[in-house]
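Residue-level structural notes
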Amino acid sequence: MFERFYRLDETLIERFYAGKSRFSDKARVLIGKPPVPVTKAIGALTGKGAPLVAQKETIG
């Protein structure tokens, strides 16, 4: 997700960090293919689906 964000226009990123994002900036950040399918993300957030990342078991 961050890789895609930091490939956007430098002035857009500057406005984002300055808290001066325009409506078009917000749309540009949100438009695009999500890193995971939306239905799987919603399932993971609600606890009704599989976790998006397998957690490592700790020994101990």
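To keep things clear, this report deals only with the structure shown in the data block. (Residues numbered from 1 in each chain as written. Predicted model: local features only at pLDDT ≥ 70, side-chain atom pairs only at ≥ 80, totals over all residues. Heavy atoms only, no water.)

As a further point, take the overall build of the chain. A count of helices and strands for the chain gives four helices and zero strands. In the chain, the succession of α and β elements from N to C terminus is α-α-α-α. Classification of the 60 residues of the chain by burial places 13% in the buried group. Here the chain displays about 5800 Å² of accessible surface, and carbon together with sulfur accounts for 61% of that area. (Helix = DSSP H or I, 4+ residues; strand = E, 2+ residues; numbered from the N terminus. Buried < 20%, exposed > 50% of the residue type's maximum accessible area, 1.4 Å probe, protein only. Areas by Shrake-Rupley, 256 points an atom, 1.4 Å probe, with all protein chains shown as cover.)

Throughout the structure, instances matching the rule amount to three aromatic pairs. Their ring planes at 65 degrees and their centres at 5.1 Å tell us that F5 and F16 sit as a pair that is edge-to-face. Pair noted here: F5 is in helix α1 (residues 2–5) and F16 is in helix α2 (residues 10–18), with a separation of eleven residues, a long-range link. Residues F16 and Y17 carry aromatic rings whose centres are separated by 5.2 Å and whose planes lie at 80 degrees to one another, so their mutual orientation is edge-to-face. Owing to a relative accessible area of 42%, F16 belongs among the partly exposed residues under this scheme. Among the aromatic side chains, those forming a connected cluster through ring pairs are F5, Y6, F16 and Y17. (Phe/Tyr/Trp six-rings, centres within 6.5 Å; stacked < 30°, edge-to-face > 60°.)

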